[in-house]
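Close look at the chain arrangement
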Amino acid sequence: MDATDLLRFRTVADAACSPDGSQVAYTMSEIDAAADEYRTSVWVVAASGGEPRRLTAGAKKDSAPRWSPDGEWIAFLSDRERERPQLHVVASGGGEARRLTDLPLGAMPASWSPDGTRLLFGARVPDVAPPADADGRKRWEARPRHVTRASYKADGQGYTFDARTHLFVADLASGTVTQVTDGDCEDRAEAWSPDGARIAWARTRSGLTDYGQTDLYVANADGSEARRLTTKAGRATSPVWSPDGKRIAFYAYDERTPWIGDPMVRPWVVSAAGGDERPVTKRYDQGVTLLPPPATTPGPAWSPDGRTLTAVFAVRGDAHVVRATLKGATETVAGGERQVTYLAAAPGRLLAYAAGDPRDPSELFVADWDGRNERRLTELNDELVAEIRAPIPTSRTFETPNGKIEGWVIAQPKGPAPLLVDIHGGPASFAGDVFSLGYFFKYVLASRGWAVLSLNPTGSGSYGRAHAHGIRGRWGEHDLPEQLAAVDALVRDGIADPERLAVAGYSYGGFMTTWTIGHSDRFKAAVVGAPVVDQESFHGTSDIGMWFAPWELKAEYPRGRAKLRKYSPLSYVERITTPTLVVHGEADDRCPIGQGEQLFAALLACGKAKTEFVRYPGGSHLFIATGRPSHRVDFNRRIVDWVTRHTPG
């Protein structure tokens, strides 16, 4: 295998069921390697199976299909006529699409009104409209930036303080587009009431130091008489009205806290009139998986009788479709050794979901409402999967000083082999039963004789609240012994060669890789991706820094400075002797590139370890999964080259 193989995979980005459950529209994403760009298109396929039909054509990006209530029309986003994606509508049987919006910063995915006459959607509204002419716009983009709040940028989006997201309604008959919310806040995740008379959405608070603190609001369909619904739930989002319009289901965190980091998201319900606000799955010790922002995760799917909610939960390295009664009883509707990445529903009729397994990163599936009669509707990667025959990781439980820890291992038929310890991010991310396009280097190395360990140490998501929270206030100290215990087990079993160990990680994995080589000399090579190495500078430069350490490290600035320094790998950099490659996106606002720069400069100053630094122009924190395709190939190739070169046989 070669890193360029990742360019050939196609994925299902989202899906939508027709109201009668007979068809599914979905977005298919693929890479144009020659143009070094992504292409997305909307397709429609019968729920009973058959050949998918391409609904939109062209070399631009079409996405986010949404069916009209009568099934005759599909609304979608496209940049075919404008620089920013605008809302379009096309007959579900095909034909010419009609553009509905022409907004300066584009439109977001839409929701149809129950009578099919209007579309409700979010859009960014600039504080000051940019000039229309090119020269004026160039000068405008270089204007001074006046910041007055702690939260003013977001990874992958850049500066956010000079525009707000608000809700709009597009009338299909007249073509008019009307803004229905306003204010010094962000409005998103919209939903219509069943009678079309009211709307619900998530609105951010506007305090100087608030970050993503959202509450649910309801209003009349024209935005009048808006009022807040939620007072207990943490960061409420993705509202969905019950079929009778009396309640609203949504997602929220267990705790209403200003800090961020908790992965325990659950379905909640609240009365549409206010009050009776409660989590539904408090007794189910797993959390809902949310899409990475700025995408909005579809809300819980109500059953037609209003008695159950269906959502995607992370479960021990997998992601399953789980149904919960309003009293909290749960059952798995679509399980197995795989990760469901997107769920759509025609309530009472059909479930449609994108899912990946250890062989294939993404295909589209449907099942009856009760989960029976599952069938796969796409064959996006079948030929490629058969051709490359990537090695399949297997799950294994390791005994560690902190108890049993699960991980995934790629072992070679004949050992011992060189071993890569691949450390995931988060720390609440998790390894599991899915083919990873972001960490493609694992399969390239395995195809060349390497073993790979991907552990889910304390702090990982998908294993319940106690496991996820167990890393708080003890980064590195608690989980490094777990990683080393797993390595020791693989050495004892003849899977890993103790003289040919390498370690790599990204984000929190970058922190842990730097921490590891600052506390152990067992590894012959290390790759540090987009790390946190200095908790104090991270606090002031990351888009989440001010709110992350108080949760994760139990250290508030400034009185927690000593603890921030204690859990900064840079404090131990003079111990590092392992050859270290640092890789970082230059537009990373989550773990800013200054973190990589500090590590690189410190390693050079200490002079004990060979080091190199690779920077990716325009790369956000998630560039390894969604960035420029050529950068993704380079990232994976460099990791393979570095660990191979410094771990000779």
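Above this text sits the structure in question.
Residues numbered from 1 in each chain as written. Predicted model: local features only at pLDDT ≥ 70, side-chain atom pairs only at ≥ 80, totals over all residues. Heavy atoms only, no water.

1. Looking at the overall build of the protein chain
Convention followed: Helix and strand labels come from DSSP, where a helix needs a run of H or I of at least four residues and a strand needs a run of E of at least two; each type is numbered from the N terminus. Each radius of gyration is computed over the set of C-alpha atoms, and the globule rule expresses the reference value as 2.2 Å times the number of residues to the power 0.38. Between two residues, a contact is recorded if the distance between any of their heavy atoms is within 4.5 Å. Surface accessibility follows the Shrake-Rupley procedure with a 1.4 Å probe radius. Residue values consider only the protein chains on display as shielding. Charge counting follows a simple rule: Lys and Arg are positive, Asp and Glu are negative, and His as well as the terminal groups are ignored. Here the site of a charge means atom NZ of a Lys, CZ of an Arg, CG of an Asp or CD of a Glu.
Along the backbone of the protein chain there are 12 helices and 39 strands. Relative to the globule expectation of 26 Å for 649 residues, the C-alpha radius of gyration of the protein chain, 24 Å, shows essentially globular dimensions. Taken along its principal axes, the extent of the C-alpha atoms in the protein chain is 70 × 55 × 55 Å. Within the protein chain, contacts between residues separated by at least 24 positions form 56% of all contacts whose residues are at least 6 apart in sequence. With the model as given, the accessible surface of the protein chain reaches about 25,700 Å², and the carbon-plus-sulfur share is 49%. Each charge class in the protein chain can be summarised by its mean position, and for the 77 positive and 81 negative side chains these summaries are 3 Å apart.

2. Here we look at the sheet that holds strand E14 (residues 177-179)
Formally: Two strands qualify as a pair provided that DSSP identifies no fewer than 2 bridges between them. Helix axes use the C-alpha atoms of the stretch in contact, all axes being lines fitted to C-alpha atoms, and the angles between their N-to-C directions lie in the range 0 to 180 degrees.
The antiparallel open sheet is built from 4 strands, whose spatial order is E9-E10-E13-E14. This sheet does not close on itself; its edge strands, each paired only once, are strand E9 (110-112) and E14. In this sheet, neighbouring strand axes are inclined to one another by 30 degrees on average, regardless of whether the strands run parallel or antiparallel. In the sheet, strand E10 (residues 118-126) pairs with strand E13 (residues 163-171) via 9 bridges, with the strands oriented antiparallel. Looking at the pairing, Val125 lines up with Arg164 of E13.

3. A few points about the pattern of salt bridges
Opposite charge on two side chains lets them pair, provided their charged atoms get close. This is how the line gets drawn: The term salt bridge refers to a pairing of a side-chain nitrogen on Lys or Arg with a carboxyl oxygen on Asp or Glu at a separation within 4 Å.
Within the structure shown, the criterion is met by 47 salt bridges. With a closest N to O distance of 3.2 Å, Asp5 and Arg8 form a salt bridge. Notably, a salt bridge pairs Asp215 with Arg256, separated by 2.7 Å at the nearest N-O pair. On the criterion of sequence distance, the pair formed by Asp215 in strand E17 (residues 214-220) and Arg256 in the loop between strand E20 (247-253) and strand E21 (265-271) is long-range, its members being 41 residues apart. Taken together, the salt bridges that share partners define one network made up of Asp254, Glu255, Arg266, Lys282 and Arg465.

4. Examining the packing of aromatic side chains
To be explicit about the condition: Note on ring pairs: Phe, Tyr and Trp rings are taken, using the six-membered ring of Trp, and paired if centres are within 6.5 Å. Classes follow the plane angle, with under 30 degrees stacked, over 60 edge-to-face and the rest tilted. To sort residues, take the accessible area from a 1.4 Å probe on protein chains only and compare it with the maximum for the residue type: under 20% means buried, over 50% means exposed, and anything in between is partly exposed. We call a charge positioned above a ring when the Lys NZ or Arg CZ atom is no farther than 6 Å from the ring centre and deviates by at most 35 degrees from the ring normal.
One pass over the full model with this rule turns up 28 aromatic pairs. Between Trp475 and Phe548 the ring centres are 6.0 Å apart and the planes differ by 70 degrees, which places this aromatic pair in the edge-to-face class. Taken as a pair, Trp475 in the loop between helix H4 (465-469) and helix H5 (480-492) and Phe548 in helix H8 (residues 545-552) lie far apart in primary sequence, 73 residues in all. The buried category is assigned to Trp475, whose relative accessible area is 3%. Using a relative accessible area of 10% as the deciding quantity, one classes Phe548 as buried. By way of ring pairs, the aromatic residues Trp475, Tyr508, Phe511, Trp515, Phe538, Phe548, Tyr567 and Tyr572 are connected into one cluster. Directly above the ring of Phe365 sits Arg338, whose terminal nitrogen or CZ lies 5.4 Å from the centroid.

5. Points about the sheet that holds strand E19 (residues 234-241)
The strand order E19-E20-E21-E22 describes an open sheet built from 4 strands, whose pairing is antiparallel. Two strands bound the open sheet, and with one partner strand each, they are E19 and strand E22 (278-279).

6. Remarks on the side chain of Asp589
Within the fold, Asp589 resides in the loop between strand E38 (580-585) and helix H10 (593-606). The residues touching Asp589, leaving out its near neighbours within four places in the chain, are Lys153, Ala154, Asp155, Gly158, Thr541, Ser542 and Asp543.

7. What to know about unusual backbone geometry
Of note, the bond from Pro293 into Pro294 is cis; its omega dihedral lies within 30 degrees of zero at 10 degrees. Among the structural elements, Pro294 can be located in the loop between strand E23 (287-288) and strand E24 (301-302). Here the amide bond leading from Gly426 into Pro427 is cis, since omega sits at 15 degrees, within 30 degrees of zero. With respect to the secondary-structure elements, Pro427 resides in the loop between strand E34 (417-423) and helix H3 (441-447). A positive phi angle is found at Asp36, which is not glycine, with a value near 60 degrees. Considering the arrangement of structural elements, one finds Asp36 in the loop between strand E2 (23-32) and strand E3 (37-46). Despite not being glycine, Ala189 has its phi angle at roughly 60 degrees, a positive value. The topology assignment puts Ala189 in strand E15 (residues 187-192).

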